[in-house]
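In case you want the letters, here they are:
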Amino acid sequence: MKVLFIDDHNMLRESLSLALQNQIMDFEFLQASSGKEAEAALLKNADCSVLLLDLRIGNENGLSLLAGLRKIRGDIRTLVCTAFCEPLVVENAMKMNIQGFISKTSDLYEIATALRTVAQGKEYFCAEAVSVMKANYAKIATGLADSSDRTTELFAKYKTLSKKEREIFELLSKKVDPADIAAKLGKSIKTVENQRTAIYAKMNIHDRLEIVEAGKILGVSEI
């Protein structure tokens, strides 16, 4: 079975491919360091059935890259392997109907297990991804559940924001001033300030420093 490993860090990609090859000897690992290389590899290898995909390929977004690769192979199965496991990062990956999500901090055995599982037509999600899935489909998505986990608690509260509030939250957490947000979204400054107040109340945030920190915890900078 052929696996295309897409990652722009050459040493990591080459060493992990070799290590996985020793763990899963019936797999053949193709490699690509960019979207262009990945497209060429798929066009040349029609029997490649699995992608092992990082979410940041140089200046390219891995999920945008995935959309393009699916135009070549619509049925290709995808295991995301990334250093970014914040809730919003995981959620965006889930929206692409991936078959697996694993952290680069996982040990070799777990990555190999995840890859084999996805290759067999099943799904494999690491603990961080499972937590996001539970938050999306359980009571915690409405903020009704208690949690001592700061990340889980913040994500639950984020899920209570409206679509417009999420847009403003993400801009505020990236240190964009209300006046610039108003200009960008075509709103009045007063409207933006009112929505900021609502966001602070829903997420139990008190000032600009806290909203920037909340954005880092949730992974706003990576979405």
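Anything mentioned here points back to the structure above.
Residues numbered from 1 in each chain as written. Predicted model: local features only at pLDDT ≥ 70, side-chain atom pairs only at ≥ 80, totals over all residues. Heavy atoms only, no water.

1. A look at the overall build of the protein chain
Then step 1. Of regular secondary structure, the protein chain possesses 11 helices and 8 strands.
Then step 2. If one aligns the C-alpha atoms of the protein chain with their principal axes, the spans along those axes are about 60 × 35 × 30 Å.
Then step 3. Residues classed as buried in the protein chain amount to 45% of the 223 residues present.
Then step 4. Intrachain contacts of the protein chain at a sequence separation of at least 6 include 64% that bridge at least 24 residues.
Then step 5. With an accessible surface of roughly 11400 Å², the protein chain has 51% of that area assigned to carbon and sulfur atoms.
Then step 6. Across the protein chain, 30 positive and 30 negative side-chain charges occur, with their mean positions spaced 5 Å apart. (Helix = DSSP H or I, 4+ residues; strand = E, 2+ residues; numbered from the N terminus. Buried < 20%, exposed > 50% of the residue type's maximum accessible area, 1.4 Å probe, protein only. Contact = heavy atoms within 4.5 Å. Areas by Shrake-Rupley, 256 points an atom, 1.4 Å probe, with all protein chains shown as cover. Lys, Arg positive; Asp, Glu negative; His and termini not counted. Charge placed at Lys NZ, Arg CZ, Asp CG, Glu CD.)

2. Considerations on the packing of aromatic side chains
Then step 1. In the structure shown here, the tally under the stated rule is 2 aromatic pairs.
Then step 2. Look at Phe27 and Phe29: their rings are 6.4 Å apart centre to centre, the planes differ by 40 degrees, and that puts the pair in the tilted class.
Then step 3. With relative accessibility at 5%, the residue Phe27 sits in the buried group.
Then step 4. For Phe29, a relative accessible area of 11% puts it in the buried group. (Phe/Tyr/Trp six-rings, centres within 6.5 Å; stacked < 30°, edge-to-face > 60°.)

3. Considerations on the sheet that holds strand β7 (residues 100–103)
Then step 1. Pairing in this open sheet of 6 strands is parallel, and the strands run β2-β1-β3-β6-β7-β8 from one edge to the other. Of all strands in the sheet, those bounded by a partner on one side alone are β2 (28–32) and β8 (124–125).
Then step 2. Taken together, the 4 bridges between strand β3 (residues 48–53) and strand β6 (residues 77–82) define a ladder with parallel strand orientation. Directly across from Val50, in β6, lies its bridge partner Arg77.
Then step 3. Across the sheet, helix α5 (residues 108–119) is in contact with β1 (2–6), β2, β3, β6, β7 and β8; its angle to β6 comes to roughly 160 degrees. (Pairing = 2+ DSSP bridges. Axes fitted to C-alpha atoms, helices over the stretch in contact; angles between N-to-C directions.)

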